[in-house]
Amino acid sequence: MPSSSQSRYIRLEVISGKNLQVPSWRFPAGIYVSINVDSRRCWKSATSVLSSDESVAWGNTVTLSSEVSTTLSVEIRASYELGRMLGRGEVIGELQMSWDELLNHGDEPFDLSFPPIRDVCPSLTLRAAILHACDDQDSALPDSLKDCQITRDTDAGHAQFAEYMTSEAVSHLNDAVQHFQLVLDQCPVGHPDHAAALTNLAYARLAGYIQNHLQDIDTATSLFHESLALRPQGHPDHASSLYNLIRALIWRYNKESTTVYIHESAQLCCKLLPLCPEGTYLRDIRVDSVVDYVITNLPVDGSDAGIHLRRIMLEICPVGQQHRQKALDKLSWSLVVRFKQRGNVDDIDESIHLRREAVSLCPEVHSHYDSYLNNLALSLLTRFDHQGKPNDLDEAISLYEEALHLCPVGKESRDVSLDNLGGALVTRFKKYGDIDDITGAISLHREALKLHPPGHPRRGATLNKLALALKNRYDLLHVSKDIYEAIDHYRECLQLVLHDHPGHHVALFSLSSALCSRFTHTLKNEDVEEAIDLCQKSLAILPSLHPERYYSYLWLTNAYLPRYQIQHNPADLSLAVENFRLASGHPTQGFPHRIQTALHWVTAAESHQHDSALEAYQVCLELFDSHAMTRSSITSRREAETAFHGAHSLPVDAASCAIRRGSLRRAVELMEQGRGQQWSLASRLKTPVEDLESTNSKLAHNYLELSKRVSNAAQSSATVTDRAAADRAATEYRRLTRQWEAVVAEIRDIRAFSRFLLPPLYEDLQAAARQGPVIILIASQYSAIRHASRMNPRESRTDLIVLLRTIWDEIMLPIVKVLEYVLELKHRSRIWLCPTAAFTSIPLHAANPCQTKADRSGKEPCLEDLYICSYTPTLSALVRSRQMMKKRVPPSFVAIGQGQPGAGKGKALLTVDSELELVHKLVPATANQRNTWVHLACHGKQDPTQPYNSHFVMRDEHLTLLDIMEKDIPHAEFAFLSACHTAVGDEKTPDEVIHLAAGLQFSGFKSVIGTLWEVDDGVAKHIVEAFYKYMFMDLKDGAGVVMDCSKAAWALNCATHAVKTKVPLEQRIVFIHIGV
């Protein structure tokens, strides 16, 4: 190695550094290395960004001459500017050494260690080599910083600030602030270093504020704002300026709790995070911590602006980002708050979607896993309360149980899980009435209350929940101590939840509800008066569209109505009705609650003969229609309808009410509106629009296109089993439905289409009777005939005759007299029967006096001797079938049979083959490829619990009613269903006439032969043979006579008469005709 006295050039490579901590803790914009000779800086490296592990990689080289001096110094400095530097930054480490020490490592890299900072030594990795000629290819420029007063004051400020942060001596802080202020005075507005000078002074003042050595935060914040304005997006120091301002705002919020500062911090975080690459010190050490703070502390805000801000916070936390789980949870809370304020189901749907993702991101061993389960369950329970879907309640309880299991006795969050599960059990009790649920709920709430002694912040909430459980048990069992304890708890809760508390209105109407319950027991007027006062106070607090105004209206009805029943003051009944009207019509409350209230309104109005009864029925029917439209599938619509006690008789009760008020036309309209609801909902998407196309083709196209998309969405959602996917499908269905409804509203704006898809008026329904009278038989709980037994085909012949005689005497004979003597209808004319409720289970067409004439000349004529009877499920169905008959195509006939249904699908039908052979002989040959006439011989199965699963038994796969309804066969004409139970209605919704034969009519068949009960295939073929002989007796090959499905009723009537000696009575009357 040459001696140090020789003149040489040395190539020095600054490779990297590690453990580069800044003494003042201040966040550095970058780190650089400087080489000083004779106390003068002769070279500096590039300023490189610090990594999250406090390391820097440079790879800069410099060629130095050793002849200037025998020694040099190496410095590591923190720069607070990535762009133009102000001063030389803060010293991290400095070493003096000789050239020989530098060259003592050969050509290999070596580490140079510096004095420790916070017990850790910064170090550089260098490599030095001797050159015999200078090539001037340095990778960093010589230092150009001028030694001036601004530089000296800036460096002095950094040094004093570092001393302050190390010693916390206020004198150093004051000196730092003084130096930085001098620099700012020398860098006025317009000076290129003005922004840097502002930042240095602001940072020192902020540090003093944080340590409570300075009280003025306004100046620091203002300085940071001004600096940021001078460093817009694109400036190299824009990100650090954002960070500095966020930090100041956070500290201000931390001390003052003023929401505006955390909101501004969140907005700035949304700008900052995308500018900070992963792995940098700024991102991983500094920015992530402030983002976490902002996400955690940003108040739950249900406003549109608050939710928008939360959405942006989520967007900057993509999948895989550490803060995403918390951002999901916080946005979901804001959506829940907005839902409770406005009642838009999209918000609660989205909160469920977000919370499912949050749970999926949280390991089960996470300390807060139970909290994420509780939050998801809360959203599900809230949606159940709004929409009434049982799956939501079941899943919520399951999640609550899992969360409680994760919170053993002694865990801090056990109280929350106890209360949550208890509340869910109360909800399930109110739906199903299982006493074990309410007993379990009370036990859980009592345990939670022990964990919430007086003074505990959640005591009020637990008192309210325990009181609710006790009140519900009192309403079932009427144990007086329950209601007294509930009232005591509600009163204590009200004292804890003061007027400015967001739950104050809940405490008011909750106590009111308990006082109403006690009033019905004690009849003390002060209870009901206090209840009314409390509800009125809660209404005064809430905005007009707040969903929970509904509960105040509800409890006012529960105060006024019982008081009317006791004191008989008509004003109380009027007030009760007005609050029924307000509660059932409250637009932001869910349909299940509003429907239940409207049903109570109906009961109250009927019981007290109030004039509002008809209005109450109309409200019920409209609410049921709107509620059903929120369900995407046919089966879920039926579930929605059957979930309400007493709803099954609503259409006939409404019609009965109209009849009793002398409005027969309105009775027909109401009966049709309610009775055909399931069919009309399903048919809306199949409504032809030829007339609309000629008026507004674009609107007609939009309607047809949206109808198709809604139908497709409904069908796809029906096959989804994954809950998260089902939620997404339901949301998409609802979005499309809203678009569809908007187009329908646009169509109704056209004068000629103002009634488009609205329930038909009486004038429209009259068309059903153009070819013969339609007899509507209404069996209401408010009329003479309320119930009847379902026909049992295994009854003895004697019992069957007694039944048919009763039907004749009590039901059909008065009708026949009107037909004969009032309408003067000729014998053998067509009539249509439209039975409702109890009448649907009676074979009305088989009504028979079963007695000999007085002159012994023969039997008295039965109904089918006098008239040709057909049935129709609804008037609209008959009208629609007749309209579609105008678009006939050349008919074709197919006979299908399945006598060997397969293992477990029923016994073999031994005569099916011979029946099909017989049909082929009797039916004339046709050439049309589309089968518009069908004869079906197989097993038919009626599902009493889910009628849409009723089916024809085939060897490979059942043909269900649901399958049939999803078909659209506008040119279909006639179907003969030689199968069992094809025209048996639904026990739970008898007024809907949901059976296989009606399904075929809905899909397009105009005329259908169905069966009321089990068919004996051995004797059925006699009726089949007679039917087709009469059906085609006038049809000659080549004669040009058209096959006419409207003759089916006459042919069936003739056939049953013709086989009297071959077929027993119960098998003759099993076949009925439906349609034209």
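Note that the coordinates shown come from a computational prediction; the quantities given were computed from them, not determined experimentally. (Residues numbered from 1 in each chain as written. Predicted model: local features only at pLDDT ≥ 70, side-chain atom pairs only at ≥ 80, totals over all residues. Heavy atoms only, no water.)

## Section: the overall build of the protein chain
No. 1: Looking only at helices and strands, the protein chain features 40 helices and 19 strands.
No. 2: The principal-axis extents of the C-alpha atoms in the protein chain amount to approximately 150 × 80 × 55 Å.
No. 3: For the protein chain, the proportion of its 1076 residues judged to be buried stands at 54%.
No. 4: The contacts in the protein chain between residues at least 6 apart in sequence include a share of 71% that link residues at least 24 apart.
No. 5: Positive and negative side-chain charges in the protein chain, numbering 110 and 129 respectively, have mean positions lying 8 Å apart. (Helix = DSSP H or I, 4+ residues; strand = E, 2+ residues; numbered from the N terminus. Buried < 20%, exposed > 50% of the residue type's maximum accessible area, 1.4 Å probe, protein only. Contact = heavy atoms within 4.5 Å. Lys, Arg positive; Asp, Glu negative; His and termini not counted. Charge placed at Lys NZ, Arg CZ, Asp CG, Glu CD.)

## Brief notes about the packing of helix H4 (residues 194-210) against helix H5 (residues 217-230)
No. 1: Two elements in contact, H4 and H5, have axes separated by 8 Å at closest approach and are oriented at 150 degrees. Judged by the inter-axis angle, H4 sits roughly antiparallel to H5. Where H4 crosses over H5, the two elements pack in a sense that is left-handed. Across the interface between the two elements, His194, Ala195, Leu198, Thr199, Leu201, Ala202, Tyr203, Arg205, Leu206 and Tyr209 of H4 pack against Ile217, Thr219, Ala220, Leu223, Phe224, Glu226, Ser227 and Leu230 of H5.
No. 2: Looking at the contact of H4 with H5 residue by residue, the classes come out as twelve nonpolar, four polar and two charged. (Axes fitted to C-alpha atoms, helices over the stretch in contact; angles between N-to-C directions. Parallel < 35°, antiparallel > 145°, perpendicular 65-115°, else oblique. Left-handed = near helix turned anticlockwise from the far one by under 90°. Nonpolar A, V, L, I, M, F, W, Y, C, P; charged D, E, K, R; others polar.)

## Observations regarding the packing of helix H21 (residues 570-584) against helix H22 (residues 591-607)
The axes of two packed helices give the description: the angle between them and the distance between them.
No. 1: In the contact formed by H21 and H22, the axes pass within 8 Å of each other and the chain directions differ by 155 degrees. Considering the angle they form, H21 stands roughly antiparallel to H22. For the pair H21 and H22, the crossing hand works out as left-handed. For the pair H21 and H22, contact is made by Val577, Phe580, Arg581, Ala583 and Ser584 and by Arg594, Thr597, Ala598, His600, Trp601 and Ala604, respectively.

## A few points about the nonpolar core
No. 1: Counting residues in hydrophobic clusters, the biggest one holds 287 residues, and the most contacted among them are Met812, Leu844, Phe1027 and Tyr1028.
No. 2: Of the residues forming this core, the biggest block, eleven residues, is contributed by H4.
No. 3: Ranked by size, the runner-up nonpolar core spans 20 residues in total, among them Met629, Leu699, Leu736 and Trp740. (Core = buried A, V, L, I, M, F, W, Y, C linked by side-chain atoms within 4.5 Å.)

## Details of a nonpolar patch on the surface
No. 1: There is a patch of nonpolar side chains on the surface, built from Ile435, Leu476, Leu477 and Val479 and spanning about 290 Å² of accessible area.
No. 2: Within the element layout of this structure, Val479 appears in the loop between helix H16 (459-477) and helix H17 (480-496).
No. 3: A residue is classified by how much of its surface remains accessible, and Val479, at 34% relative accessible area, is partly exposed. (Patch = residues over 30% accessible without salt bridge, like charges linked within 9 Å, V, L, I, M, F, W, Y side chains within 5 Å. Areas by Shrake-Rupley, 256 points an atom, 1.4 Å probe, with all protein chains shown as cover. Salt bridge = Lys/Arg side-chain N within 4 Å of Asp/Glu carboxyl O.)

## Some points on unusual backbone geometry
Phi is mostly negative for residues that are not glycine, and the peptide bonds are mostly trans.
No. 1: In this structure, Glu54 takes a positive phi of about 60 degrees despite not being glycine.
No. 2: Examined against the element boundaries, Glu54 turns out to sit in the loop between strand E3 (40-44) and strand E4 (56-65).
No. 3: The backbone phi angle of Asp119 is positive, close to 70 degrees, even though this residue is not glycine.
No. 4: Mapped onto the secondary structure, Asp119 falls in the loop between strand E7 (110-113) and strand E8 (123-131).
No. 5: Overall, the relative accessible area of 77% leaves Asp119 in the exposed class.

## With respect to the side chain of His546
No. 1: Turning to its location among the elements, His546 is positioned in the loop between helix H19 (525-541) and helix H20 (549-567).
No. 2: If sequence neighbours within four positions are ignored, His546 has contacts with Lys340, Gln341, His505, His586 and Thr588.

## Structural notes on the sheet that holds E3
No. 1: Strand order in the open sheet formed by four strands is E3-E2-E5-E6, and the pairing between neighbours is antiparallel. If you trace the sheet from one side to the other, it starts and ends with E3 and strand E6 (90-98), each paired once. Along the sheet, successive strands turn relative to each other by an average axial angle of 25 degrees, direction set aside.
No. 2: Bridging between strand E2 (residues 30-37) and strand E5 (residues 71-79) involves seven bridges; their strand directions are antiparallel. From the neighbouring strand, Ile31 faces E5, where its bridge partner is Ala78. (Pairing = 2+ DSSP bridges.)

## A short note on the pattern of salt bridges
No. 1: Following the criterion strictly, the structure yields 43 salt bridges and no others.
No. 2: Note that Glu357 and Arg324 form a salt bridge whose closest N and O atoms lie 2.6 Å from each other. Of this pair, Glu357 sits in helix H11 (residues 345-361) while Arg324 sits in helix H10 (residues 324-342); the two residues are 33 residues apart in sequence, bridging distant segments of the chain. Across this residue pair, the class does not change: Glu357 and Arg324 are buried.
No. 3: Asp392 is the salt-bridge partner of Arg383, the closest N and O atoms lying 2.7 Å from each other.
No. 4: Under the relative-accessibility criterion, Arg383 is labelled buried at 3%.

## Overview of the side chain of Glu395
No. 1: Tracing the backbone through its elements, the reader meets Glu395 in helix H13 (residues 390-405).
No. 2: Classification of Glu395 by relative accessible area gives buried; the value is 7%.
No. 3: At 2.7 Å, the side chain of Glu395 forms a polar contact with the side chain of Arg356.
No. 4: Not counting residues within four places of it along the chain, the set of residues in contact with Glu395 comprises Arg356, Leu380 and Arg723. (Polar contact = N/O pair within 3.5 Å; in protein donor to acceptor, adjacent residues only side chain to side chain.)

## Re the sheet that holds strand E14 (residues 940-941)
To summarise the sheet geometry, strands pair through backbone hydrogen bonds and adopt either a parallel or an antiparallel arrangement.
No. 1: Here we have three strands laid out as an open sheet, ordered E14-E15-E16, and antiparallel in their pairing. Both edges of this open sheet fall to E14 and strand E16 (959-960), since each of them pairs with a single strand only.
No. 2: With two bridges connecting them, E14 and strand E15 (residues 951-952) associate as antiparallel partners. Directly across from Gly940, in E15, lies its bridge partner Phe952.

## Let's talk about helix H37 (residues 996-1003)
No. 1: For H37, the tally of buried residues reaches eight of eight residues, placing the bulk of the element in the interior.
No. 2: Within H37 the residues assigned to the buried category are Leu996, Ala997, Ala998, Gly999, Leu1000, Gln1001, Phe1002 and Ser1003.

## Some words on the pairing of strand E19 (residues 1071-1075)
For a regular strand, side chains alternate in direction, first toward one face of the sheet and then toward the other.
No. 1: Taken across its five residues, E19 has five buried, putting it largely inside the fold.
No. 2: Taken together, the five bridges between strand E18 (residues 1007-1011) and E19 define a ladder with antiparallel strand orientation. From the neighbouring strand, Gly1010 faces E19, where its bridge partner is Ile1072.

## Some details on the confidence of the model for the protein chain
No. 1: Chain-level pLDDT for the protein chain is 87 on average; 91% of the residues reach the 70-or-more range.
No. 2: In the predicted structure, residues 1-5 sits below a pLDDT of 50 and forms six contacts with residues beyond four places in sequence or in another chain.
No. 3: A low-confidence stretch, residues 140-144 stays under pLDDT 50, and its non-local contacts, those more than four residues away or across chains, total 14 contacts. (pLDDT = per-residue confidence, 0-100.)

## Notes on the environment of Leu64
No. 1: Following the sequence through the fold, Leu64 ends up in strand E4.
No. 2: Apart from residues lying up to four places away in sequence, Leu64 is in contact with Arg8, Tyr9, Ile10, Ile35, Cys42 and Trp99.

## Details of the environment of Val668
No. 1: Among the secondary structure elements, Val668 is positioned in helix H26 (residues 664-675).
No. 2: Val668 sits 13 residues away from Ala655 along the chain, and the two C-alpha atoms are 6.6 Å apart.
No. 3: Excluding anything up to four places from it in sequence, Val668 contacts Tyr762, Leu765, Ile776 and Leu875.

## Description of helix H8 (residues 281-297)
Each α-helix winds once per 3.6 residues, and so residues spaced three or four apart point in a common direction.
No. 1: Here H8 is 17 residues long and its end C-alpha atoms lie 23 Å apart, about the 24 Å a rise of 1.5 Å per residue gives.
No. 2: For H8, the set of buried residues is Tyr281, Leu282, Arg283, Arg286, Val287, Asp288, Val290, Val291, Val294 and Ile295. (Expected span 1.5 Å × (residues − 1).)

## Looking at the packing of aromatic side chains
No. 1: Evaluation of the coordinates by the stated rule reveals 18 aromatic pairs.
No. 2: Judged by centre distance (6.4 Å) and plane angle (40 degrees), the ring pair of Phe161 and Tyr164 falls under tilted. With Phe161 and Tyr164 both in helix H2 (residues 149-167), this residue pair falls three residues apart, about one helical turn.
No. 3: Since its relative accessible area comes to 3%, Phe161 is described here as buried.
No. 4: A relative accessible area of 1% places Tyr164 in the buried class.
No. 5: When the ring of Phe974 is compared with that of Phe1027, the centres are 5.7 Å apart and the planes differ by 15 degrees; the resulting orientation is stacked. One end of the pair, Phe974, is in strand E17 (residues 974-978); the other, Phe1027, is in helix H38 (residues 1017-1031), with 53 residues separating them in the sequence.
No. 6: Phe974 gets classed as buried once you look at its relative accessible area, which sits at 0%.
No. 7: A cation over an aromatic ring shows up here: Lys255 above the ring of Tyr209, its NZ or CZ 4.3 Å from the ring centre. (Phe/Tyr/Trp six-rings, centres within 6.5 Å; stacked < 30°, edge-to-face > 60°. Lys NZ or Arg CZ within 6 Å of the ring centre and 35° of its normal.)

## So, the pairing of strand E11 (residues 867-871)
No. 1: When you tally the buried positions in E11, you get five out of five residues, the bulk of the element.
No. 2: Where burial is concerned, the two faces of E11 agree: the one with Tyr867, Cys869 and Tyr871 and the one with Ile868 and Ser870 are both buried.
No. 3: Pairing between strand E10 (residues 829-835) and E11: five bridges, direction parallel. Paired with Leu833 across the two strands is Tyr871, which belongs to E11.

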